[in-house]
Amino acid sequence: EAEVAQSPRYKITEKSQAVAFWCDPISGHATLYWYRQILGQGPELLVQFQDESVVDDSQLPKDRFSAERLKGVDSTLKIQPAELGDSAMYLCASRQGQYNSPLHFGNGTRLTVT
Amino acid sequence: QKEVEQNSGPLSVPEGAIASLNCTYSDRGSQSFFWYRQYSGKSPELIMFIYSNGDKEDGRFTAQLNKASQYVSLLIRDSQPSDSATYLCAVDFGNEKLTFGTGTRLTIIP
C-alpha cells in the first residue's frame, strides 16, 4: 500500500536554529496538509496545499514558519528560528479527493528544541 | 468556530468488553467523520469513516452517526490489549480539511 513519506523521523535542534522537514505524499494525491501535534493534544492544521497552491495557512506562524510545494508533489516545512514551544510532532498527510475521503498520514517528525 | 469535542479519558475497559468512545461537533452542516487510532509516539492511522446517519460496521468496530444530535461514536467489541491507544475523532466541516478532537486515551485491562 502506498504511503506518505516523511523525513527526518526525529530532529533535535537548539533554539534559534533553522530546521526543515520534508514530505512526499501518496502519488496522485493533489491535497497535502501539514499538521502539528503537541503532546496530549489533537493534530492542528498548519497549512493546506492543493497542488502547488496554498489553500489555507491561517494557522501558520508566518514570522518563523514557511511551507512550499513548488512542483505540486513533495513539500518542505521550515522553521527559522526555532523556539522551545515548537517542540512537537509534525505530521504530513495527503488526500485523494475531497470531503468524502480520509487523510493518510506519514510517520511524522518528532522535533525537540533545546 | 468549528470544534470537535472528546472526553480525554483515560477510559479503562476490561478485556473482552465493549469500549464506547464519543465525539460531539459544533456544525450541523458537517460532511464527513473519521476515527483514527494513535499509539504513543506514532502517527494517526485510519480506523473508519462515516458520512450517513446510522451505523457502519467493520470487523470489531462500529461507527455511529447522529447528525441531528451532532455526535459520532465508535464502539469496539471484544476489546483486546492491542486496542489500548488514543482515539482521535476528526470532522470535515465541508472545508476540505479535518479538524481533530483532543483524543480519548483508551486502556484495555487484561
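About the thresholds
Residues numbered from 1 in each chain as written. Chains lettered and ligands numbered in written order. Predicted model: local features only at pLDDT ≥ 70, side-chain atom pairs only at ≥ 80, totals over all residues. Heavy atoms only, no water. Disulfide = S-S within 2.5 Å. Helix = DSSP H or I, 4+ residues; strand = E, 2+ residues; numbered from the N terminus. Pairing = 2+ DSSP bridges. Axes fitted to C-alpha atoms, helices over the stretch in contact; angles between N-to-C directions.

Draft legend 1. Highlighting the state of the cysteines. Here the structure, examined in full by the defined rule, presents 2 disulfides over all chains. Each sulfur of the disulfide joining C23 of chain A and C92 of chain A lies 1.9 Å from the other. Residues C23 of chain A and C92 of chain A are joined through a disulfide that is left-handed, its torsion about the S-S bond being -70°. Here the residue C23 of chain A occupies a position in strand 3 (residues 19-24), and C92 of chain A occupies one in strand 9 (residues 88-95), the gap between them amounting to 69 residues. One disulfide in the model links C23 of chain B with C89 of chain B; its S-S distance is 2.1 Å. One quick way to see it: the torsion about the S-S bond of C23 of chain B and C89 of chain B is about -70°, and its sign makes the bridge left-handed.

Draft legend 2. Here's a closer look at the sheet that holds strand 3 of chain A. Residue and element names in this part refer to chain A. Strand order in the open sheet formed by 4 strands is 1-3-8-7, with antiparallel pairing between adjacent strands. Each having just a single partner strand, strand 1 (5-7) and strand 7 (65-68) make up the two edges of the open sheet. Put simply, the sheet's adjacent strands are angled 15° from each other on average, direction ignored. Pairing geometry for strand 1 and strand 3, over 3 bridges, is antiparallel. Counterpart to A5 in the pairing with strand 3 is D24.

Draft legend 3. Spatial organisation of unusual backbone geometry. At the junction of S7 of chain A and P8 of chain A, the peptide bond is cis and its omega measures out at -10° in the coordinates. Mapping P8 of chain A onto the fold places it in the loop between strand 1 and strand 2 (10-13). The residue after Q80 of chain A, namely P81 of chain A, is reached through a cis peptide bond having omega -5°. Positionally, P81 of chain A belongs in the loop between strand 8 (75-79) and strand 9. Despite not being glycine, D78 of chain B has its phi angle at roughly 50°, a positive value. Mapped onto the fold, D78 of chain B is located in the loop between strand 8 (71-76) and strand 9 (85-92).

Just distances and angles here, no functional claims.
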